[in-house]
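# Breakdown of the fold
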Amino acid sequence: MLSYPARITRDGDSVGVTFPDIPEAITFGDTREEALAMAVDALTTAMDFYFEDKRIVPPPSPLKRGQVLIDLPPSVGAKVLLLNEMLSQGTRHAELARRMNIRAQEVNRLTTLRHPTKIDTIALALRALGKRLELSVADAV
């Protein structure tokens, strides 16, 4: 759903991964494979900062030469889209809860990355914001 470009660099005996669009996401590994395996967790963890600070998560920039794409888990990507839409519309949790006819506590869970949420529920929240969640299939890169 959301794939962010990452730079891979050698730093002495370790391999680093950084994300131009999400500077808070940084990780290292002993090998390229290990660093890439840890990159998804670093990217997901960095998203927590945006959610806690109620800041719009920057969209992924186009892939540049020498970069690799790191996919956010679909559940995290969907929550990022929801957060960004709520912030861009200035919609508070209580207002979204009213529109969805649910408790504000349930909306809080929708915007907590570590809380498991059904994709259908995120789609309903986006619908309450006048948007539609779209999924697609693409070739693996």
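See above for the structure.
What you see is a predicted model; the values in this text were computed from it and never measured. (Residues numbered from 1 in each chain as written. Predicted model: local features only at pLDDT ≥ 70, side-chain atom pairs only at ≥ 80, totals over all residues. Heavy atoms only, no water.)

### Considerations on the sheet that holds strand β3 (residues 26-29)
Selection criterion: Whether two strands pair comes down to DSSP finding at least two bridges between them. Think of it this way: any DSSP run of H or I at least four residues long counts as a helix, any run of E at least two long counts as a strand, and we number them from the N terminus. Whenever a helix is involved, its axis is fitted only over the stretch in contact; in every case the axis is a line through C-alpha atoms, and angles between N-to-C directions fall within 0 to 180 degrees. The contact definition used throughout considers only heavy atoms, calling two residues in contact when any of these lie within 4.5 Å.
If you trace the four strands from one edge of the open sheet to the other, you get β3-β2-β1-β4, paired in antiparallel fashion. Across the chains shown, the open sheet's two edge strands, defined by having one partner strand only, are β3 and β4 (68-71). Sheet twist, expressed as the mean angle between neighbouring strand axes with direction ignored, is 35 degrees. As judged from the four bridges shared by strand β2 (residues 14-18) and β3, these two strands associate in the antiparallel manner. Opposite G16, over in β3, you have F28 as the bridge partner. Relative to β3, helix α1 (residues 32-53) is tilted by about 160 degrees, and along the sheet it contacts β1 (3-11), β2, β3 and β4.

### Considering unusual backbone geometry
The condition is simple: Each residue's exposure class comes from its accessible area (1.4 Å probe, protein chains only) as a fraction of the maximum for that residue type: buried when under 20%, exposed when over 50%, partly exposed otherwise.
Although it is not a glycine, K54 sits at a positive phi angle of roughly 55 degrees. Residue placement: K54 occurs in the loop between α1 and β4. Given the relative accessible area of 53%, K54 is considered exposed. At N101, a position not held by glycine, the phi torsion is positive, near 60 degrees.

### Concerning the packing of helix α3 (residues 93-100) against helix α5 (residues 119-128)
What counts here: Reported orientations rely on four angle classes, namely roughly parallel under 35 degrees, roughly antiparallel over 145, roughly perpendicular from 65 to 115, and oblique for the rest. Note on residue categories: nonpolar means Ala, Val, Leu, Ile, Met, Phe, Trp, Tyr, Cys or Pro, charged means Asp, Glu, Lys or Arg, and polar means any other residue, Gly included.
Where α3 meets α5, the closest approach of the two axes is 9 Å, and the angle between their N-to-C directions is 100 degrees. It follows from the interaxial angle that α3 and α5 lie roughly perpendicular. Listed contacts from α5 to L96, R99 and M100 of α3 are T121, L124, A125 and A128. Split by residue class, the contact of α3 with α5 holds five nonpolar, one polar and one charged.

### Observations regarding the packing of helix α2 (residues 74-89) against α5
Rule in force here: For any pair of crossing helices, the crossing counts as left-handed if the nearer helix is rotated counterclockwise from the farther one by less than a right angle, and right-handed if it is rotated clockwise.
α5 packs onto α2 with a crossing angle of 15 degrees between their chain directions and a minimal axis gap of 10 Å. Taken together, the axis directions place α2 and α5 in an arrangement best described as roughly parallel. Considering the relative orientation of α2 and α5, their crossing is left-handed. Each of S75, A78, K79, L81, L82 and E85 in α2 lies in contact with α5, whose residues at this interface are I119, I122, A125 and L126. Partitioned by chemical class, the residues of the contact of α2 with α5 number seven nonpolar, one polar and two charged.

### Structural notes on the pattern of salt bridges
Condition: Whenever a carboxyl oxygen of Asp or Glu lies within 4 Å of a side-chain nitrogen of Lys or Arg, that contact is scored as a salt bridge.
Using the criterion set out here, one finds seven salt bridges in the structure. When the shortest N-O distance is used, the salt bridge between D48 and R114 registers 3.7 Å. A residue pair is termed long-range when its members are at least 10 positions apart, and D48 in helix α1 and R114 in the loop between α4 (104-110) and α5 qualify at 66 residues. With a shortest N-O distance of 3.5 Å, R55 and D53 are connected by a salt bridge. Here the residues in one salt-bridge network are E24, D53 and R55, joined through shared partners.

Honestly, it's all geometry; don't read function into it.
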